[in-house]
Amino acid sequence: MGVYDGATDLALTWGSLTPGPIGVVSQSGSVGLEIGYLATRAGLGLSRFVSVGAQADLTTADLLDPVITAPNTRVVILYLEDLSLGRSLITLADQARALGKRVILLAVGGSAAGERAINSHTGALATPDTAVNALCDAAGVIRVHTPAQAVHAAQICLAGLPSTKPRLAVVADSGGQGALAAEFAERAGLEVPALSQETIEVLAKMLPADAGLANPIDLAGAGEADLGIYPRVAHAVAADVDVVLLTGYFGAYAADSPALRNIEEAAARDLPGGRCLVHTMRTDGPTTDVLRRGGIPVFDTIDDPINALAATFHANEGIRPTSNPTPAEAHDTRPAPEAATGIGPVHEEHAGSGLASERVTGIGPARQEPADGGLARVGAAGIGPAHQEHAGSGLASERVTGIGPAHQEPADGGLARVGAAGIGPAHQEHAGSGLAPERVAGIGPARQEPAGGGLPCVGATGVGPVPSGTGDIGSVGGVDPIRAELVARGLVFPEGGFAATADEAARLAAWLGGAVVLKAVGPVHKTEVGGVVLGLTSAGAVRERAEELGRRLELAGFWVERQVGGGVELIVGAYRDREVGVLVTVGSGGVLAELVADTATALGPLDHEGALRLIGRTKAARMLDGWRGAPPCDRDAVARAVVAVGQVLAAHPELSGVELNPLLARPGDSFALDLLATLRDP
């Protein structure tokens, strides 16, 4: 549909547009034209308009800057069928806000029908609504769903109303309309506070005895007797609130009774500009023009100003990620270094130097190993150990950073002592016994290892296979480094480990002792296939149930861990969107997570404060605070998990998602009871 500039004679469009303060960049010429016509009907118009279509040459980002920076642009409306501009929207919105301008986004593609439509229209790939909302939230962009809503939001932006959560007073000439407006406002998340006693006393002197003086205010017919009562009441209640909403017949008096035109127009000019919105039964009367010239937005349905006010306010309460990567970083499609599971190092060997330099990606140590068998130095990178081997001392000294043990191993085969450093195992090897008992604290299995170098009786974590036929890297193999990184960031997992066979699962359960949980390794959704068995208290019961699972399901093995109870089950996850990058989610979890659908999502990674704010957006937050006498749970522990999953996913471009479900929040701690890490499609 072309290009339009309201400040010049440039009008390469179909139809005619009216000059005004709204800049429009649209992926559909017809949608942009509709926005222009709606703006004209609202007493506004367009500063600049450009239709970008399929963006074969110039892109939305290319054209947004000249629209934002145009002197006659005061607010910008975008219609997009894809979000290929990604996180650059944050930078563009910041640029607009620095100039005192707001950005409004109308986007489509959150439904199957919408996605089919845009695929056939511009060939764009739709961005899920959750990702669009999270991006708008981080950018402070106002999200709308129709062209009319976009123009309504523009009206609110242009009125100069407070940017903080507005306290709203409803003034009505009908008790019914006042009640509807006040209730709708509270449902939309706006505050409709009770008025102060001083204001109530002022109103009582103005209005009939049967008038409603709380909030909403019912004029009880006083407007028909004196149209000047509208601005007087509006000024009186403005002392207690931020925004005054007039709803009902005001604005229609002159349209229905021309003799009242001068009186109604005078009352309109006396309303508090920059503080007032008007919903009227008739927007076609002369008083509407007076109101709009005075900077007071006028609406013909009560839900329009309330929805627009709520959308504008919510856009000011966004949660920002800890960093705003460039689009190339946000859309990183580079192959993972070395290993698809994120566990392989980038390795360099320098010939002739006697030095092998190994830089581990993500989880390993940076290691230097002399060729002569002398001192080997390992610099821990995040969670790896600092390791020193003394060739002549018969002693290997290993200082674990974050998650490993402090390990000393005599060269003569005597007793090896390991002091657990936070979460590492305490390890003892008994020479001559043929058995090395290892008790894993936090992330490892209970392990029995023959001294003769045979295979371990219980499969150690990190040696199991990746389940075939799925993108899930499961509870074994590649997920162990992810688990280790999460632990290094403060998460706690129950004691447990991987077992390749039913017999190994039984021995592991015996070593752990007490009640254990047996999980099938392989299925992504274990509960649906009966792949989680709780409350097993004997090795025999574990073996029996493991054999039953093996006969019924195609498995890569088993996971056995201590059973942990009590608390609130949450889901904490991070996933990667192709356009906006890492998203983090928290909410009510467990087997009913999808059914309850109580989650909040933000662009990630987040810092601790952002994570706490995200938790506060869920209904689960009330459970964490102690529901019906239950003790409050540790919100900070949950926030650490939200921060950790976002950071880990951001550090691993080979992954599409990391999910903890459930994360069991309890008073004073939390436990990650299940971990799912998913590989990106090739």
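Above this note sits the structure.
Residues numbered from 1 in each chain as written. Predicted model: local features only at pLDDT ≥ 70, side-chain atom pairs only at ≥ 80, totals over all residues. Heavy atoms only, no water.

(A) Looking closely at the sheet that holds strand E27 (residues 557-562). Sheet architecture is open: four strands sit in the order E24-E27-E25-E26, paired in antiparallel fashion. Each edge of the open sheet is held by one strand with a lone partner, namely strand E24 (496-499) and strand E26 (532-536). Taken pair by pair, the neighbouring strands of this sheet meet at an average axis angle of 20 degrees, ignoring direction. Two elements, strand E25 (residues 516-521) and E27, share six bridges in a ladder whose sense is antiparallel. (Pairing = 2+ DSSP bridges. Helix = DSSP H or I, 4+ residues; strand = E, 2+ residues; numbered from the N terminus. Axes fitted to C-alpha atoms, helices over the stretch in contact; angles between N-to-C directions.)

(B) Molecular detail of the pattern of salt bridges. According to the stated counting rule, one finds 21 salt bridges in the structure shown. The shortest N-O distance in the salt bridge between Arg-617 and Asp-137 comes to 3.1 Å. Within this pair, whereas Arg-617 is found in the loop between helix H20 (608-616) and helix H21 (620-624), its partner Asp-137 is found in helix H5 (residues 129-139), the two being separated by 480 residues in sequence. The partner of Arg-552 in a salt bridge is Glu-548, with the nearest N and O atoms 2.7 Å apart. Taken together, the residues span about one helical turn, with Arg-552 and Glu-548 both in helix H18 (residues 539-552) at a distance of four residues. (Salt bridge = Lys/Arg side-chain N within 4 Å of Asp/Glu carboxyl O.)

(C) Layout of the side chain of Glu-265. By the secondary structure assignment, Glu-265 is in helix H12 (residues 261-269). When its relative accessible area of 10% is taken as the criterion, Glu-265 is described as buried. With near-sequence residues (within four places) excluded, Glu-265 lies in contact with Pro-286, Thr-287 and Val-290. (Buried < 20%, exposed > 50% of the residue type's maximum accessible area, 1.4 Å probe, protein only. Contact = heavy atoms within 4.5 Å.)

(D) How the structure looks around a nonpolar patch on the surface. On the surface, a cluster of nonpolar side chains totalling about 420 Å² of accessible area is made up of Val-591, Leu-592, Leu-595 and Val-596. Mapped onto the fold, Val-591 is located in the loop between strand E29 (581-588) and helix H19 (593-596). (Patch = residues over 30% accessible without salt bridge, like charges linked within 9 Å, V, L, I, M, F, W, Y side chains within 5 Å. Areas by Shrake-Rupley, 256 points an atom, 1.4 Å probe, with all protein chains shown as cover.)

(E) Expanded view of the packing of helix H6 (residues 147-158) against helix H14 (residues 303-314). Where H6 meets H14, the axes come as close as 9 Å, and the angle between the chain directions of the two elements is 70 degrees. In this view, H6 runs roughly perpendicular relative to H14, as classed from their interaxial angle. Judged by the twist between their axes, the crossing of H6 over H14 is right-handed. Between H6 and H14, the residues in contact are His-152, Ala-153 and Ile-156 and Asp-304, Pro-305, Ala-308, Leu-309 and Thr-312, respectively. (Parallel < 35°, antiparallel > 145°, perpendicular 65-115°, else oblique. Left-handed = near helix turned anticlockwise from the far one by under 90°.)

(F) Representation of the pairing of strand E8 (residues 168-172) in the model. For E8, the tally of buried residues reaches five of five residues, placing the bulk of the element in the interior. Both faces of E8 are covered, namely the face carrying Leu-168, Val-170 and Ala-172 and the face carrying Ala-169 and Val-171. The sheet contact formed by E8 and strand E10 (residues 243-248) spans five bridges and is parallel. Note that in E10 the partner of Ala-169 across the bridge is Val-244. Of the strand pairs in this sheet, E8 and strand E9 (residues 217-218) are connected by two bridges, and their pairing is parallel. Its bridge partner lying in E9, Ala-172 is registered against Asp-218.

(G) Quick look at the packing of aromatic side chains. Across all of its chains, the model carries three aromatic pairs by this definition. Plain terms: the ring middles of Tyr-249 and Tyr-253 are 4.7 Å apart, the flat faces sit at 85 degrees to each other, and that makes the pair edge-to-face. By relative accessible area, which is 23% here, Tyr-249 ends up partly exposed. Judged by its relative accessible area of 5%, Tyr-253 is buried. Among the aromatic residues, ring-to-ring pairing joins Tyr-230, Tyr-249, Phe-250 and Tyr-253 into one connected group. (Phe/Tyr/Trp six-rings, centres within 6.5 Å; stacked < 30°, edge-to-face > 60°.)

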